[in-house]
Amino acid sequence: MSENNNTPVQDLNEILQVRRDKLAALKESGNDPFVITKFDFDNDSENIKNNFDSLEGKTVKIAGRIVARRIMGKASFVGLSDNSGKIQLYVRRDDVGEDVYAGFKKWDIGDIVGVEGFVFKTKTEEISVHATSIKLLSKSLLPLPEKFHGLTNNDLRFRQRYVDLIMNPNVKRNFIIRSQFIKFMRKYLDDMNYIEVETPVLNTIVGGAAARPFVTHHNTLNIPMYMRIATELPLKRLIVGGMDRVYEIGRIFRNEGMDPKHNPEFTTVELYQAYADFHDMMDIAEGIISGAAKEIHGTYEIEWLGEKVDLTPGWRRLTMVDAVKEYTGLDFGAITDDAEAVAAAEKIGVELADTADKTWGNALYACFDQKVEEKLIQPTFITMYPVEVSPLTKASPEDPRLTERFELFICHSELANAYSELNDPIVQRERFMKQLELRERGDDEAEMLDEDFLTAMEYGMPPTGGMGIGIDRAVMLLTNSDTIREVILFPTMKPLD
């Protein structure tokens, strides 16, 4: 079935005026579609197609948008798009009535209709609905993009997601998978006796991550407030209070750059479990992501960013020292001196950030960040991070320069970050003070001093494992999307002006 393309190309302003004139005529004749408040439908295109044998010849009611039509004299074919897909309508003058059919012929692609009719197959074996009544439910005043090219401009797609969803039905799949992933994750954690909680989005102190915040102002209190960059510190307060297993799925806001993997507002799940460590968090991360892939796709083998990825449980676990040694040949385990470590990093072309101390730990992390991360394709837990880049993490008993932290990488992308949480309030204060020094030297991503959080820790926090998983990144993985904008319904866009 094809749309009637014999109409000459019209100036857009003329098309807009014609549609408004049609609406005015409908209102004048007492057929204003916008006064209709409801249409009771009992079926959809997918169910009709999947259950044709039992529905053939039976009456159904469906509703949706006209996306194609072939208007003929006494009978016409219409393509109808609804929530589940597309189906063909057969509309005949003798069945719907002469007046209704005359009005129907003036309707436009994009209009929303309600239809009652019986299910049948055409001579070409296409499952269709033979209309016995059809009603205009909403008038489209703007024309849809040309059918055969659709909406292909990505910038416009992301700005006008509503048109994107109309013209590119496959786009909806990404957001169905997103919903399925979150549903699976909730059940996984709920079954482990976690409690889902909510914590403040607006805070008087920013903390829990190294990131620049969005700053706003509370008029009544006359104080600056910060949109949260993490949910970590409030959730740890709940661990102190005796809520031993908590998680929050929440929106996070970071005032930083945008690229295919970053949006200023994004969604994470953070979870904390008392009497657990980062090894337990690795098991949970692996269970959630591999389990979701199996549940949604029926397989552990998927594709992402042009790579074939095997999510079968049993993912590789590699210390940062071992990873740097494997991929660069540089053995930080054999280096004890800060100056030697920095010199060794610089020798292989690694540069340390201007605000970073010239230490063994910062040199190790810089080597990993610049030389190793891009090479990690299959699921890999990188463990034992330097203390300099992990201010909220418990130090390793074997090497105080390192912490019990991991990040999960798949296709050189970070999907999860977890710690054996630091629960010594004295050491935590020392770490916070170090962060304050970095802020004074110009690092606006360093943490602030949170005295209330330190007070909570002084009441006693049990050994705790904590983790954050980037939901948008995980959905990118599960939908084979190469940009985060494909998995966020309304991504942040630069203003057109």
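Read on for an overview of the structure. (Residues numbered from 1 in each chain as written. Predicted model: local features only at pLDDT ≥ 70, side-chain atom pairs only at ≥ 80, totals over all residues. Heavy atoms only, no water.)

## Regarding the environment of Phe253
Summarising the element assignment, Phe253 is placed in strand 10 (residues 245–253). It is 25 Å that separates the C-alpha atoms of Phe253 and Tyr365, two residues lying 112 residues apart in sequence. Leaving out residues up to four positions away in the same chain, Phe253 has contacts with Val201, Phe214, Met227, Arg228, Ile229, Pro264 and Glu265. (Helix = DSSP H or I, 4+ residues; strand = E, 2+ residues; numbered from the N terminus. Contact = heavy atoms within 4.5 Å.)

## Comments concerning the sheet that holds strand 17 (residues 413–420)
Read across the open sheet, the eight strands follow the order 6-10-11-18-17-16-15-14; overall the sheet is mixed. At either margin of the open sheet sits one strand with a lone partner, and together these are strand 6 (195–196) and strand 14 (316–319). Pairing of strand 10 with strand 11 (residues 265–274), which is carried by nine bridges, proceeds in the antiparallel orientation. Across the sheet, the residue bridging to Glu248 is Glu270, located in strand 11. (Pairing = 2+ DSSP bridges.)

## Examining the packing of aromatic side chains
One pass over the structure, following the stated rule, counts 14 aromatic pairs. Centroid distance Tyr90 to Phe120: 6.2 Å. Interplanar angle 55 degrees. Geometry classified as tilted. One end of the pair, Tyr90, is in strand 3 (residues 85–92); the other, Phe120, is in strand 4 (residues 112–121), with 30 residues separating them in the sequence. Phe120 shares its class with Tyr90; the two are buried. With a centroid separation of 6.4 Å and 70 degrees between ring planes, the pair formed by Phe432 and Phe453 is classed as edge-to-face. (Phe/Tyr/Trp six-rings, centres within 6.5 Å; stacked < 30°, edge-to-face > 60°. Buried < 20%, exposed > 50% of the residue type's maximum accessible area, 1.4 Å probe, protein only.)

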